Amino acid sequence: MKRLHQSFFSFLTALICLSANAQDLIQSGPMNGYSEMREAAVWVQMTEACIVELYYRPDTAPEAVERSLAVSASPERAYTAHLIADKVEPGVRYTYDIYANGQNQTANLDLSFTTQALWQYRTDPPEFTIAAGSCAYINEEAYDRPGKGYGQDYAIFERIADAEPDMMLWLGDNVYFREADWFSKSGIHRRYTYARSLPEVQRLLRTGQHYAIWDDHDYGPNDAVRSWPHKDKTLEAFKMFFANNGYGVNGLGGITSFFQFNDLHFFLLDNRWNRTDYKAKTVDHQVFGREQIDWLIENLALSRAPFKFIVTGGQILNDAAVYENYSNYPEERAYLLDRIAEEEIEGVIFLTGDRHHTELCRVEHKGTV
């Protein structure tokens, strides 16, 4: 009897230890990525190499559990995983859990995503809320500039989560690479991991759906342009740490993409991959490049959305030719704005980041709103 009691106690202790350690493999997240009517993405970063799966179930039938394809979280990918729920129906809320090596990692969390509704020709489009922000400098004293630096107060992430937005747009400078990070894949991965692991940001990552662009500080050094030698490394990392539904268009490099959220269209532009230094004297000055702009105009002209958001990292409509404002690129800026006017494209809104303050500008063209 004594031996049986000891065996049972050892077994119970093992179960308690297993339960205590079962959720220790998540480094950051989960984060809800893109959501479509037939597919949704969930991102997570693990602490070590493991096999990761997404188990999800509709609120309307919680017994109907589906799971994603298993993904290997490997050191080459900074232990990140993109998990795709592709057995979903439009307009349904799904609760989910993250499993690693067969163990539930999120049993104590209330996790969910909602697929986009099939409202066209049926009802009015759903109401929803959008949050947007840029320039998320997360302090790390050993690598910050000497003296008082940026950052130092992260309550904003929790306040955004409190508002429960349906979608979060990250408008660039989502991390700030430092001198120790710029030149190596390991440095880039470390900076992303450090910023993404901030405790205050975790609840926001689980709130709504998340889409992102980049700007100079998550592309390379301050004011980095198309010649940045390590942009292939930062592009790879951007793809690892965000779960957009596309990266690059028409065979071009970079992060350009498009998505629809209910009745609105969002055009995510890359303002770094093709950018030249506006102070350079022997190059044609450009930010987006002609091919990216032509792609944008053609799709804006085809769009029937009441509002079309052009999302990019730097100011577009501000006339002041200072810093990196688009006004420092007058020829390309005129080409973009004139094409919008000539095509009589209405409802265009530029949503931009970079400048660490809020600003509202308006440009009117005859025949457009």
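One structure accompanies this document, and this report is about it.

Procedures and definitions
Residues numbered from 1 in each chain as written. Predicted model: local features only at pLDDT ≥ 70, side-chain atom pairs only at ≥ 80, totals over all residues. Heavy atoms only, no water. Phe/Tyr/Trp six-rings, centres within 6.5 Å; stacked < 30°, edge-to-face > 60°. Helix = DSSP H or I, 4+ residues; strand = E, 2+ residues; numbered from the N terminus. Buried < 20%, exposed > 50% of the residue type's maximum accessible area, 1.4 Å probe, protein only. Lys NZ or Arg CZ within 6 Å of the ring centre and 35° of its normal. Expected span 1.5 Å × (residues − 1). Contact = heavy atoms within 4.5 Å. Pairing = 2+ DSSP bridges. Salt bridge = Lys/Arg side-chain N within 4 Å of Asp/Glu carboxyl O. 1 Å grid on protein atoms, 1.4 Å probe; cavity = no way out; pocket = protein on both sides within 12 Å on 5 of 7 lines; lining within 4 Å. Points joined across faces, edges and corners; volume = space filled by probe spheres on them. Nonpolar A, V, L, I, M, F, W, Y, C, P; charged D, E, K, R; others polar. Core = buried A, V, L, I, M, F, W, Y, C linked by side-chain atoms within 4.5 Å.

Considering the packing of aromatic side chains
Any pair of aromatic rings gets described here by the distance separating the centres and the angle formed by the planes.
1) Next: By the definition in use, this model includes 27 aromatic pairs.
2) Next: Geometrically, the ring pair formed by Y56 and Y94 is edge-to-face, given 6.1 Å between the ring centres and 70° between the ring planes. Of this pair, Y56 sits in strand β3 (residues 50-58) while Y94 sits in strand β7 (residues 93-100), and the two are 38 residues apart along the sequence. Accessibility classification places Y56 together with Y94 in one group, the buried group.
3) Next: The side chain of R196 reaches across the aromatic face of F242, ending 4.7 Å from its centre.
4) Next: Its end group placed over the ring of W273, K231 keeps NZ or CZ at 4.3 Å from the ring centre.

A look at helix α3 (residues 185-196)
1) Next: The terminal C-alpha atoms of α3, which comprises 12 residues, lie 16 Å apart, in line with the 16 Å expected from a rise of 1.5 Å per residue.
2) Next: All of the buried residues along α3 are G187, I188, H189, R191, Y192, T193, A195 and R196.
3) Next: Those residues of α3 that are buried are in contact with β1 (26-35), β2 (40-46), α4 (202-205) and α5 (231-241).

A few points about the environment of T129
1) Next: Mapped onto the elements of the fold, T129 is located in the loop between β9 (112-114) and β10 (130-133).
2) Next: Contacts of T129, omitting those with residues within four sequence positions, involve E164, P165, D166 and M167.

Here's the deal with the pairing of β10
1) Next: The pairing of β10 with strand β11 (residues 167-171) spans 4 bridges and is parallel. Looking at β11, one finds that G133 is bridged to W170.

A short note on the pattern of salt bridges
When the charged atoms of two side chains with opposite charge come close together, those side chains can pair.
1) Next: Tallied over the full model, the rule gives 17 salt bridges.
2) Next: Residues D97 and R57 are paired through a salt bridge, measuring 3.4 Å at the closest nitrogen-oxygen approach. With a gap of 40 residues between them, D97 in strand β7 and R57 in strand β3 connect regions that are remote in the sequence.
3) Next: A salt bridge links K279 to D277, with the nearest nitrogen and oxygen atoms 3.4 Å apart.

Some details on the pairing of strand β12 (residues 209-213)
1) Next: By the criterion of burial, β12 is predominantly enclosed, with 5 of the 5 residues buried.
2) Next: Neither face of β12 is open: one carries Q209, Y211 and I213, the other H210 and A212, and all of them are buried.
3) Next: The pairing of β11 with β12 spans 5 bridges and is classified as parallel. Across the sheet, L169 pairs through a bridge with Y211, a residue of β12.

Description of empty space enclosed by the protein
1) Next: Inspection of every chain in the model, using the stated rule, returns 3 cavities of 30 Å³ or more.
2) Next: By volume, the largest cavity amounts to about 110 Å³.
3) Next: The leading source of residues in the lining of the largest cavity is α3, at 3 residues.
4) Next: When the residues that make up the lining of the largest cavity are grouped by side-chain class, the tally is 10 nonpolar, 1 polar and 1 charged.
5) Next: Of the pockets and cavities examined, the second largest cavity occupies roughly 60 Å³.
6) Next: N271, R275, V287, F288, T312, G314, Q315, I316, E324 and Y326 together form the lining of the second largest cavity.
7) Next: Class assignment of the residues belonging to the lining of the second largest cavity gives a composition of 4 nonpolar, 4 polar and 2 charged.

A word on the nonpolar core
When a protein is soluble and globular, its nonpolar side chains tend to lie buried together.
1) Next: Among the nonpolar cores identified, the biggest contains 50 residues, and F157, L169, W170, Y192, F259, F266 and V311 are the most heavily contacted of them.
2) Next: Not counting residues up to four positions away in its chain, the partners in contact with L169 are I130, A131, A132, G133, Y211, F259, F266, L268, V311 and L351.
3) Next: Counting residues in each nonpolar core, the second largest holds 22 residues, with V52, L54, V88 and Y94 among its members.

A look at the layout of surface pockets
1) Next: When its volume is computed, the second largest pocket comes out at roughly 580 Å³.
2) Next: Together, 27 residues line the second largest pocket, and S112, T114, P165, D166 and G208 are the ones closest to its centre.
3) Next: A class-by-class count of the residues in the lining of the second largest pocket yields 9 nonpolar, 11 polar and 7 charged.

Scope: geometric values only; no functional claims are made or implied.
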